Amino acid sequence: MSSLQEQLASRFEQDLSDLIEFLRIPSVSALREHRADMHRAAEWLAAAMRRVGLENVQVIETPGHPIVYADWIRDANKPTALIYGHYDVQPVDPLDLWESPPFEPEVRQGRIYARGASDDKGQVMVHLAALGALLACYGELPVNVRVLIEGEEEVGSPSLEPFLQERPDLVSADFVVISDTSMFAPGLPTLCTGLRGIAAVELHVTTAATDLHSGLYGGAAPNALQVLAQLIAASKDDQGRVAVPGFYDRVIEPTPRERQAYAALPFNEKELLERLELGGWDGEPGYTPFERMTVRPTFEVNGMWGGFLGEGSKTVIPREAHAKITCRLVAGQDPEEVVRLLTAHFQRLCPPYARVEVTPGHGARPWKADLEHPALQAAIRALQRTFGKDVALAPTGGSIPVVESFDRLLRVPCVLMGFADPDSNAHAPNERFSVETFRVAREAVALFWQEAARDGLKS
Ligand code: BES
Ligand code: ZN
């Protein structure tokens, strides 16, 4: 065992109990009632950064939730890395499906169960633990680092792009490293090669001044929920393609070489169908389920509401109906243009007796990795050495809005080194993170810094 490995081994119990403490803070960014918890989580993180030996630690207020920053910068001749992650988590509902309370972390069968365990607190703590071990072992880091952990990733990172523009001094770096994606299969080291973008809208339909008695007016008065259902139903064809005019116009198709690489990934369709209890696949003909989930664009209704939802029956014609919709976007697509296409589509389809309003929400552009970049190559070597396996290179269908901003504004490459379990239940009840992966990932990340230093990697 190297002295670094010894250091990591001796710190493991403490690292795990730090993570458990972090997971106890219900830092749900989407819900107003957790505002104070967001500050608590930011302060906790700042203290954890100081403990591992990072410097210049700051909790920076934004119009939304605070950003936590720290750095360790010594040698202008060495590369500077920016580690990005997020301390905010998704809401926990439906609460009754959790086997243990979401903010009372519990270890069962080698996995730690809590909201944020894998997305992204567990992975953030992998990085702090690796930095802590390196500093304790050598008294210095092999590279300069900045650590930037935000609290609004799960709500589209609205404050981050302004922050990148206002504080170039805090974000200048030679490359960015993010652990906020998954491993392709259990124990299979994985680098994420692409993210989808996103365009979110809310759809509001109104048909009358007030809710109406369905006995008095039913048959002639329009029903807002019915109109909404028609608008939604007309947004996909019966094959599963998105039927919004212009939606596919700018989509860049995966190349034959890319498709070959996707086909070679150990993607187990049957296992996934069974685990998720899906009755079958939906979506575009001509693309594999994996491609549909990662490199093809989507139209998804996330929620619809309106009318009477109480007990029993109520003979009412609802005057308004609402839906939340998100589209995942791929190379070539732009969120603002997709919002325009959606708006035009719903307005064109709206019957003359109804009114439709489309309000845009958050948006992010898609992103693709530069596979040739030496930072990625250093990551591949570090992961291979630690896990003793070839590294899977795979796109994911999720979005991390800031990655494309780093690309566009800072012009630096991002390395997406993800450690979440493939069945992490991120965003769902019983989110979890493998304790063994947490242990090993700390070493992978520490080795990565050494590999990155060896390579120079200054841009
Ligand atoms: N960690 C995820 C991104 C992700 C999702 C990576 C799936 C790999 C697989 C991230 O925290 C996330 O959930 N992002 C949101 C962004 C959105 C709110 C703009 C997402 O993808 O829904
Ligand atoms: Zn995340």
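Our subject is the structure listed above.
Description of the structure in this document.

Conventions and cut-offs
Residues numbered from 1 in each chain as written. Chains lettered and ligands numbered in written order. Predicted model: local features only at pLDDT ≥ 70, side-chain atom pairs only at ≥ 80, totals over all residues. Heavy atoms only, no water. Donors = N, O, S within 2.8 Å, 3.2 Å for Na, K, Ca; no water. Helix = DSSP H or I, 4+ residues; strand = E, 2+ residues; numbered from the N terminus. Buried < 20%, exposed > 50% of the residue type's maximum accessible area, 1.4 Å probe, protein only. Core = buried A, V, L, I, M, F, W, Y, C linked by side-chain atoms within 4.5 Å. Pairing = 2+ DSSP bridges. Axes fitted to C-alpha atoms, helices over the stretch in contact; angles between N-to-C directions. Contact = heavy atoms within 4.5 Å. Near = heavy atom within 4 Å. Polar contact = N/O pair within 3.5 Å; in protein donor to acceptor, adjacent residues only side chain to side chain. Parallel < 35°, antiparallel > 145°, perpendicular 65-115°, else oblique. Left-handed = near helix turned anticlockwise from the far one by under 90°. Phe/Tyr/Trp six-rings, centres within 6.5 Å; stacked < 30°, edge-to-face > 60°.

1. Section: the coordination of the zinc ion (ligand 2)
- Only H86 (NE2), D119 (OD), D180 (OD) and D180 (OD) from the protein coordinate the zinc ion (ligand 2), and they sit 1.8 to 2.7 Å from it.
- Sequence spacing among the residues donating to the zinc ion (ligand 2) works out to H-x32-D-x60-D. Of the two residues, D119 is situated in the loop between strand 5 (111-113) and helix 3 (121-138) and D180 in the loop between strand 7 (175-178) and strand 8 (190-192); the sequence distance between them amounts to 61 residues. Across the pair, exposure class does not vary: D119 and D180 are buried alike.

2. Considerations on the nonpolar core
- Counting residues in each nonpolar core, the largest one holds 72 residues, and the members touching the most others are L45, M49, L54, F419 and W449.
- For this core, the element with the most residues is helix 14 (residues 435-454), which contributes eleven residues.
- Residues V205, I232, C327 and V358 belong to the second largest nonpolar core, which totals 29 residues.

3. Regarding the sheet that holds strand 10 (residues 197-206)
- Judged by pairing direction, the sheet is antiparallel, and its four strands sit side by side in the order 12-14-10-15 without closing on themselves. Looking along the sheet, the strands with just one partner apiece sit at the ends: strand 12 (300-306) and strand 15 (355-364). The sheet shows a mean angle of 15° between the axes of neighbouring strands, taken without regard to direction.
- In the packing of helix 7 (residues 224-233) onto the sheet, contacts are made with strand 10, strand 12, strand 14 (320-329) and strand 15, and the angle to strand 14 comes to roughly 15°.

4. Let's talk about the site of ligand 1
- Lining the immediate surroundings of ligand 1 are 16 residues, of which E153, D180, R328, S399 and H427 lie closest.
- The side chain of H86 places a nitrogen or oxygen atom 3.1 Å from an oxygen atom of ligand 1.
- In this structure, a nitrogen atom belonging to ligand 1 sits 2.8 Å away from a side-chain N or O atom of D180.

5. What to know about the packing of helix 1 (residues 3-23) against helix 2 (residues 35-52)
- Here helix 1 crosses helix 2 at 160°, and the two axes come no closer than 10 Å. With respect to their mutual orientation, helix 1 and helix 2 come out roughly antiparallel. In the crossing of helix 1 with helix 2, the sense of the turn from one axis to the other is right-handed. On helix 2, the residues touching D18, E21 and F22 of helix 1 are A41, W44, L45 and R51.

6. Some details on the packing of aromatic side chains
- If you walk through the whole model with that rule in mind, you get twelve aromatic pairs.
- Summarising the aromatic geometry, the rings of F247 and Y248 are spaced 5.3 Å apart at their centres and angled 90° between planes, so their arrangement reads as edge-to-face. For the pair shown, F247 and Y248 are each scored as buried.
- Summarising the aromatic geometry, the rings of F448 and W449 are spaced 5.0 Å apart at their centres and angled 55° between planes, so their arrangement reads as tilted.

7. Focus: the environment of Q165
- On the secondary structure map, Q165 appears in helix 4 (residues 160-166).
- Judged by relative accessible area, Q165 falls into the exposed class, the value being 51%.
- The spatial distance from the C-alpha of Q165 to the C-alpha of A392 is 34 Å, given a sequence separation of 227 residues.

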